[in-house]
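Topology and contacts: notes
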Amino acid sequence: MSLLLCVMMIGFTGSEPAFQTILDRGLPELPTGVRVVWEIEQHAGVTPDELMELRRRIAGRPDHPDRPKAEVATRRLNSGPDRLRREAWIDRAGRFRLSETPAKGGWNDVVVADGVVWALTADSLNIVDGSREPPPGRNFAATRDDARRHIGGFMMGGLSMIIGAPRATAASFRRSGREWTASAFLPDNIGSFWFRGTEVDHNILVTEGRVERLAPAPAEVGARVKASDLWPDSPLGPVFRVIEGYRPSGVLDSRSRLIEAEVWSSEPAMFAVPDRARPRDAVRGELALLHVADFRDDRSGRFWQRGSADEAFEKGPPPPNDPSRTIWSLNRSGYLILIGVGVLIAGVWLRRR
């Protein structure tokens, strides 16, 4: 049985140590030699009554911290969820590329390979040295960890709820025929969770997780993650094709769908930095770059820009509002496959330590 198979499934013994083994293994490493495609839907995550309460709190207060949340929730309720398509290539040497295409338009790519990290949009290219701490605002390598959490979530199913949390300890494990339920608690009495699953071919699958108690954020009690549409023999090992996050109110917050997963042989051109003089990319084709920033030799950066794709690049100072103008933000909290409970717990636990 492969390592990835063991992450989500283990020999079913009907005992608490078996469930503890799953908890101890945690988030699997990013698979290699594969191409993976998934889509993310981010829903409003609030009920109409909750939205009315949000609007009441922000009324007459343009600087209220809940105003962005209310505006996003209103838009998603009126126009439907935000949608994002992600396509990842990871070769057997561990070179990584992620292409993102939001439904609303535009695209963003990140490559982590051969000691170089670069990020590409329709009009900008940023290049950093992967062996050194990145310049402020250009931590593109974090995209790889983000993809690991998403792909690992499909593997872990209902246990994806606690990705990022400190080690959980099994408290109970009960079965009835092929079905089972279990509970687990976190260090320092921070919180506890309930899980549900089923037995398939003498292995256990985690199909649901729920927050039972959470001292740092009691409002999250009742939040759930549900996993469905099992793909038992995917190239990643057994995975769930659908992961859904629900708010404590029961309303859908996010849905992630695994679209494709296939064995993939490396194509070196996909990881090569585009040439500024003849900008072309193996995935995106001909490029109309207007801004290029290179931080490999100088951490303060070297910058080139031009007014249109028909002009020649000229070296100069950083463009206005750098770095936010020439790169896209890696703060994708709105697109997490998880409900974020694990990350929240980890932060609080580490501060207490």
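For the structure itself, look to the data block above.
Let us look at the structure shown here. (Residues numbered from 1 in each chain as written. Predicted model: local features only at pLDDT ≥ 70, side-chain atom pairs only at ≥ 80, totals over all residues. Heavy atoms only, no water.)

1. Details of the side chain of Ser192
Following the sequence through the fold, Ser192 ends up in strand E9 (residues 191–200). Among all residues touching Ser192, those that are not within four sequence positions of it are Ala184, Phe185, Arg210, Val211, Glu212 and Arg213. (Helix = DSSP H or I, 4+ residues; strand = E, 2+ residues; numbered from the N terminus. Contact = heavy atoms within 4.5 Å.)

2. So, the side chain of Arg306
Residue placement: Arg306 occurs in the loop between strand E17 (302–305) and strand E18 (314–316). Look at Arg306: it is buried, it has no salt bridge, and the nearest opposite charge is Glu311 at 7.3 Å. Among the polar contacts listed, one links the side chain of Arg306 to the backbone oxygen of Glu311, at a separation of 3.0 Å. Sequence-distant contacts of Arg306, defined by excluding residues within four places in its chain, comprise Pro279, Leu287, Ala288, Leu289, Leu290, Glu311, Ala312 and Phe313. (Buried < 20%, exposed > 50% of the residue type's maximum accessible area, 1.4 Å probe, protein only. Lys, Arg positive; Asp, Glu negative; His and termini not counted. Salt bridge = Lys/Arg side-chain N within 4 Å of Asp/Glu carboxyl O. Polar contact = N/O pair within 3.5 Å; in protein donor to acceptor, adjacent residues only side chain to side chain.)

3. Structural notes on helix H4 (residues 67–79)
With 13 residues, H4 should cover 18 Å at 1.5 Å per step; its first-to-last C-alpha distance of 18 Å lies within 8% of that length. For H4, every residue scored as buried is listed here: Ala70, Ala73, Thr74 and Arg76. For H4, the elements touching its buried residues are strand E1 (34–42), helix H3 (48–58) and strand E2 (82–90). At the C-terminal side of H4, Gly80 shows a positive phi close to 95 degrees. (Expected span 1.5 Å × (residues − 1).)

4. What to know about unusual backbone geometry
Leave glycine aside and you will find that most residues have negative phi; peptide bonds, for their part, are mostly trans. With phi around 60 degrees, Asp188 is a residue other than glycine that occupies positive phi space. Positioned with a positive phi, Asp229 is a non-glycine residue whose angle comes to about 60 degrees.

5. Remarks on the pattern of salt bridges
Within the structure shown, the criterion is met by 34 salt bridges. A salt bridge links Glu260 to Arg35; the nearest nitrogen and oxygen atoms lie 2.8 Å apart. Taken together, the residues Glu260 in strand E13 (residues 252–263) and Arg35 in strand E1 connect sequence positions 225 residues apart. One salt bridge in this structure joins Asp82 and Arg76, with 3.0 Å as the shortest N-O distance. For Asp82, a relative accessible area of 14% corresponds to the buried category. Among the ionic contacts, a cluster of salt bridges with common partners joins Glu41, Arg83, Glu244, Arg255 and Arg257.

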